[in-house]
Structures are given as C-alpha cells and as structure tokens.
Amino acid sequence: MGNLKAALAAIDAANAADPTQEDGQPAALLYGERMSAELARQYPDAPDILQIAARGQHVERWLLPRSDYPEGKTGYLNWRREQGRRHAERVAGIMAEADYDRDAQDRVGVLLRKEGIKRDAEVQALEDVICFVFLRHYFAPFAEKHAPEAVRDIVAKTARKMSPPARARALEEFKLPPDLAAAVREAEA
C-alpha cells in the first residue's frame, strides 16, 4: 500500500496554489480539509482510497473555471464531468508518486467520477460527505444569494444524492426550516 500522508500532503500542496481565498486560506485547500474532517466524523475507519478521494475531490478545481462552459444545465453537467475526469487523473498521478499501485489509482478515479453512485458503497459515502460539507459550510451563503424556490430546489437535489441514512442524519443535525426539511424527506431513495 502507498503512503497516505504523502498523498494527502501533495493534494494540499496542489490546492494551496488556489488564488481564491476563503476565511484567509486558499479555497480549495480549505475545502479539502473540510472534506477530510467530515469523512473522519462520519467514517472514522475510512480506507486510504476514500480518504484520498475526499481530500482530492476539488483538487485544482480553479484551473477549469465554470465560465469556460456555456450557461445552462448541459454546460454545467459537461463542466462537472470534465472536472471529475481531471480530478481523477490528477489524484491518480499524486497517488503514483506516493507509491499506490494502478488498481488503487483506478479505484480513486471511480470515486471521483462518481461512477456507481447509489450502487457502490464507497462512491455513495463520498457523495454523502460532499453533501454534508455543502450543508455545513456552503449552504447558508448560497441561501442568502438565492430566491426561496431556488434554495428549496438545491436542498431537494442535494437530498436525492444522499443515502437514506445520510438524509436521516441531515434532518437530525441541521436545523432546517419546515419547507426545506420536507424537501429532504421527499427525496427519492
């Protein structure tokens, strides 16, 4: 098996170059730290692959701006798909340098591209962590900038991505207004 500390440090070094600042830190670096903290909280015995995928979820995301793609759903989905591909490729390279074998590199790519969501336990675990990080750290600023119907829509979309146990935890952990809590409860399994 490879060197987990070296892999995480290399992801952090890459993300430290993010020119976007949040709370006085490079935004991608802070996001990776938040992902690792949430993963450790929810899955304290997570295997290396899941820990690396969580930390590398947005590795060097700023290098491919959303503005490089057309507005609308199709442009957004194409941008997200390309980001997943790029993240998987970049993290696989970091893992190779940290002595992880090809199988491990390929597996982290599956997680970062979200292949098998709802069918693959590790992909779903990563998605649940992503959703919790969004709700814990990014939802309030999002809600302040958008109309109530857009906020309800994003909560419903987020809840649909989550596993049933994660949705139950979200309802317990987050003080959501009744209409947003209803959107979580109504999410399809």
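Up top is the structure.
Residues numbered from 1 in each chain as written. Predicted model: local features only at pLDDT ≥ 70, side-chain atom pairs only at ≥ 80, totals over all residues. Heavy atoms only, no water.

Caption draft 1: Quick peek at the overall build of the protein chain. When you go through the protein chain residue by residue, the secondary structure sums to nine helices and two strands. The C-alpha radius of gyration of the protein chain comes to 17 Å, within 12% of the 16 Å expected for a compact globule of 189 residues. Principal-axis analysis of the C-alpha atoms places the extent of the protein chain at approximately 50 × 35 × 30 Å. For the protein chain, the residues scored as buried account for 47% of the 189 residues in total. Element-wise, carbon and sulfur atoms account for 54% of the exposed surface of the protein chain, whose accessible area totals about 9,900 Å². Side chains of the protein chain carry 28 positive and 31 negative charges; the gap between the two charge centres is 4 Å. (Helix = DSSP H or I, 4+ residues; strand = E, 2+ residues; numbered from the N terminus. Rg over C-alpha atoms; globule rule 2.2 N^0.38 Å. Buried < 20%, exposed > 50% of the residue type's maximum accessible area, 1.4 Å probe, protein only. Areas by Shrake-Rupley, 256 points an atom, 1.4 Å probe, with all protein chains shown as cover. Lys, Arg positive; Asp, Glu negative; His and termini not counted. Charge placed at Lys NZ, Arg CZ, Asp CG, Glu CD.)

Caption draft 2: Seen up close, the packing of aromatic side chains. Under the criterion given, the structure shown has five aromatic pairs. On the basis of an interplanar angle of 40° and a centroid distance of 5.9 Å, the ring pair of Tyr76 and Trp79 is categorised as tilted. Taken together, the positions of Tyr76 and Trp79, both in helix α4 (residues 73–97) and three residues apart, correspond to about one turn of that helix. Among the residues examined, Trp79 registers a relative accessible area of 8% and is labelled buried. Ring geometry for Phe134 and Phe142: centres 6.3 Å apart, planes at 70°, overall edge-to-face. Phe142 gets classed as partly exposed once you look at its relative accessible area, which sits at 23%. Ring-pair connections join several aromatic residues into one group, and the members of that group are Phe134, Phe139 and Phe142. (Phe/Tyr/Trp six-rings, centres within 6.5 Å; stacked < 30°, edge-to-face > 60°.)

Caption draft 3: Expanded view of the pattern of salt bridges. Tallied over the entire structure, the rule returns 16 salt bridges. Across the pair Glu89 and Arg85 runs a salt bridge whose closest N-O atoms are separated by 3.0 Å. Of the two residues, Glu89 and Arg85 are both situated in helix α4; the distance of four residues between them amounts to about one turn of the helix. Overall, the relative accessible area of 55% leaves Glu89 in the exposed class. Between Glu173 and Arg136 there is a salt bridge; the shortest N-O distance is 2.8 Å. Pair noted here: Glu173 is in helix α8 (residues 164–173) and Arg136 is in helix α6 (residues 121–145), with a separation of 37 residues, a long-range link. Through salt bridges that share partners, Glu38, Arg41, Arg136 and Glu173 make up one connected network. (Salt bridge = Lys/Arg side-chain N within 4 Å of Asp/Glu carboxyl O.)

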